[in-house]
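# Fold and geometry: a report
Spelled out from the first residue to the last, the chains are:
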Amino acid sequence: MKSIYLLRPSGQKRRLASSKNLLRRAALLCCLLLGTYVLTSCSAPGSQSQPIAGKLRVTGSTALLPLAQEAGKLFEQQYTGTKIEVSGGGSGHGLDAVTAQQAEIGNSDIYANPAIYPDPNLTDHIVCVTPFEMITNPGITVPSLTQQQIIDIFSTGKINNWSQLGGPDLKITPIVRPSNSGTRATFRKYILGGRDEKGTLLTTDSSTTVRDTVAKTPGAIGYVAASYVTNAIHTVEIDNQKGTVSTISSGKYNFWSYEHMYTLGGDDAILEAFLQFMLGSDVQQKAQEMGYVPINSMQTPGVASVTP
């Protein structure tokens, strides 16, 4: 189960014990959303005393990159005196950049480890959920793999030919993301059970590169955020499950992550306005259209929905 860090009033984080109780995680998320709702109600962008103008640098997670780019464009249209510069580089890059004050927002698929990022002002803003997909070269049409089969492809090496899985007599080529990838960290922890990966190691963390490499490499298999899936590759279910709101919320599909925007706090008007904008209806609708899960959809039965 995913480890969760709870923000203290001082901005510091306390590590909660890992749990298989999905309701506990949903309750924590509900509290976070309620806090966001209160802040948004009391401090909407249109009521800011400071003008909304200036530039923001947003970098990190390539899984969140497409949505962050679209949100940046929409924000610039609404606030014509602003510039949102969005780039990728991986979750580790995003966390390093924001803590080194080389960016105002560091995007990450994973929670910031307080042992590595101890700054008490580092603040987490959860903006949506990313389902990840296993993908293969289009010449491989195996419909589903079990979690153990994925482990035996990427880690143990027990499965190295597609013929072992009912596919063609073709060598399996796993495409491995670099160590600064939050997507890789999620895959390693929740699909491989903490095991190391073996395969063709990419030198840069780019979801586009992963997808394109799998698309052009016979026998290749990899994994990307759902927002990167195109007809150029074949998607593979995990244990006959797809990453949907229902399967994620019920615990049937475990290859997903919250998407975080980390900041170092402060009262910058453009920063506060953009973070609120990410949770607004325009961006959350765009998130759903692009294959993300809007944050309000991550509720279990009996947990009320909160709308910013």
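Rules used in this analysis
Residues numbered from 1 in each chain as written. Predicted model: local features only at pLDDT ≥ 70, side-chain atom pairs only at ≥ 80, totals over all residues. Heavy atoms only, no water. Buried < 20%, exposed > 50% of the residue type's maximum accessible area, 1.4 Å probe, protein only. Helix = DSSP H or I, 4+ residues; strand = E, 2+ residues; numbered from the N terminus. Pairing = 2+ DSSP bridges. Salt bridge = Lys/Arg side-chain N within 4 Å of Asp/Glu carboxyl O. Contact = heavy atoms within 4.5 Å. Core = buried A, V, L, I, M, F, W, Y, C linked by side-chain atoms within 4.5 Å. Axes fitted to C-alpha atoms, helices over the stretch in contact; angles between N-to-C directions. Left-handed = near helix turned anticlockwise from the far one by under 90°. Nonpolar A, V, L, I, M, F, W, Y, C, P; charged D, E, K, R; others polar. Expected span 1.5 Å × (residues − 1).

As recorded by an unreviewed UniProt entry, the chain carries the name Phosphate-binding protein and is attributed to Ktedonobacter robiniae.

The next point concerns the pairing of strand E5 (residues 105-108). Taking every second residue as pointing to the same face, both faces of E5 are buried, with Ile105 and Asn107 on one and Gly106 and Ser108 on the other. Relative to E5, strand E3 (residues 54-60) is paired through 3 bridges, and the arrangement is parallel. Counterpart to valine 58 in the pairing with E5 is isoleucine 105. In this sheet, strand E12 (residues 256-263) lies alongside E5 in antiparallel orientation, the contact comprising 3 bridges. When the sheet's bridge partners are listed, serine 108 is paired in E12 with histidine 260.

Here the focus is the pattern of salt bridges. All told, the structure shown has 8 salt bridges when counted by the stated rule. Here glutamate 104 makes a salt bridge to arginine 57, at a shortest N to O gap of 2.6 Å. With a gap of 47 residues between them, glutamate 104 in the loop between helix H3 (91-99) and E5 and arginine 57 in strand E3 connect regions that are remote in the sequence. For arginine 57, a relative accessible area of 29% translates into the label partly exposed.

Attention now moves to the side chain of histidine 260. With respect to the helices, strands and loops of the structure, histidine 260 is situated in strand E12. Histidine 260 gets classed as buried once you look at its relative accessible area, which sits at 0%. With sequence-adjacent residues up to four places away left out, histidine 260 is seen in contact with Leu64, Gly106, Asn107, Ser108, Asp109, Ile110, Tyr111, Asp124, His125 and Ile126.

As a further point, take the nonpolar core. Of all hydrophobic cores here, the largest spans 50 residues; its most connected members are Met134, Ile150, Phe154, Phe187 and Phe255. Looking at this core, the elements that each hand over two or more residues are H3, strand E6 (123-136), helix H4 (147-156), helix H6 (207-216), strand E10 (220-225), strand E11 (234-238) and E12. In contact with phenylalanine 154, other than residues within four places in its own chain, are Met134, Pro174, Ile175, Phe187, Leu192, Asp196, Glu197, Lys198, Ile221, Gly222 and Tyr223. Leu56, Val58, Ala71 and Met278 belong to the second largest nonpolar core, which has 25 residues in total.

To describe two helices that pack against each other, one gives the angle between their axes and the distance between the axes. The geometry of helix H2 (residues 65-78) relative to helix H9 (residues 281-289) is characterised by a closest axis approach of 10 Å and an angle of 145 degrees between their N-to-C directions. Here H2 and H9 pass one another in a crossing that is right-handed. Residues Leu67, Glu70 and Ala71 of H2 touch H9, and the partners they reach there are Val283, Lys286 and Ala287. Here the contact of H2 with H9 is built from residues that sort into 4 nonpolar, no polar and 2 charged.

With 14 residues, H2 should cover 20 Å at 1.5 Å per step; its first-to-last C-alpha distance of 20 Å lies within 8% of that length. Turning to H2, its buried residues number three or more, namely Leu65, Pro66, Leu67, Ala68, Ala71, Gly72 and Phe75.

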